Amino acid sequence: REAEIRNTILAQVLDQAARARLSNLALVKPDKAKAVENYLIQMARFGHLPGKVSEQGLIEILEKVSQQTEKKTTVKFNRRKVLDSDEEEDY
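Residues numbered from 1 in each chain as written. Predicted model: local features only at pLDDT ≥ 70, side-chain atom pairs only at ≥ 80, totals over all residues. Heavy atoms only, no water.

The protein has the name Programmed cell death protein 5 in an unreviewed UniProt entry, where Donacobius atricapilla is given as its organism. The Function (unreviewed entry) field of the UniProt record for the protein holds the comment "May function in the process of apoptosis." (UniProt positions renumbered as here; feature names shortened; annotations may be inferred.)

Here's what the structure looks like:
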């Protein structure tokens, strides 16, 4: 039931090309597609979408969502001093 409602709302706010792009995204990255769908549904419910979203508009929304959910990777080097003796011990 909820899936039907989501699909109905998405069909009303997306044009055909944008809908195709979103379905392709759902095949590759379902979590990102779900986030974009939630964003679009929320915008539609509050009346912030002026008309149907084109493919270019969907790409802009994808970039916004990607920036918000982007994982920051940091690399930290922990250099440890190793105690070496200058003398080689041969046994």
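Once you've had a look at it, read on.
### Quick word on the packing of helix 2 (residues 16-28) against helix 4 (residues 55-69)
The contact between helix 2 and helix 4 brings their axes to 7 Å, and the two run at 40°. The pairing of helix 2 with helix 4 is recorded here as oblique in orientation. Packed against helix 2, whose contacting residues are Ala17, Ala18, Arg21, Leu22 and Leu25, the element helix 4 presents Glu55, Leu58, Ile59 and Leu62 at the interface. In terms of residue class, the contact of helix 2 with helix 4 is built from seven nonpolar, no polar and two charged. (Axes fitted to C-alpha atoms, helices over the stretch in contact; angles between N-to-C directions. Helix = DSSP H or I, 4+ residues; strand = E, 2+ residues; numbered from the N terminus. Parallel < 35°, antiparallel > 145°, perpendicular 65-115°, else oblique. Contact = heavy atoms within 4.5 Å. Nonpolar A, V, L, I, M, F, W, Y, C, P; charged D, E, K, R; others polar.)

### Quick look at the side chain of Arg6
Position of Arg6 among the secondary structure elements: in helix 1 (residues 2-13). By relative accessible area, Arg6 is classed as buried at 13%. Once you skip the residues sitting within four places of it in the chain, Arg6 turns out to touch Lys34, Glu37, Asn38 and Ile41. (Buried < 20%, exposed > 50% of the residue type's maximum accessible area, 1.4 Å probe, protein only.)

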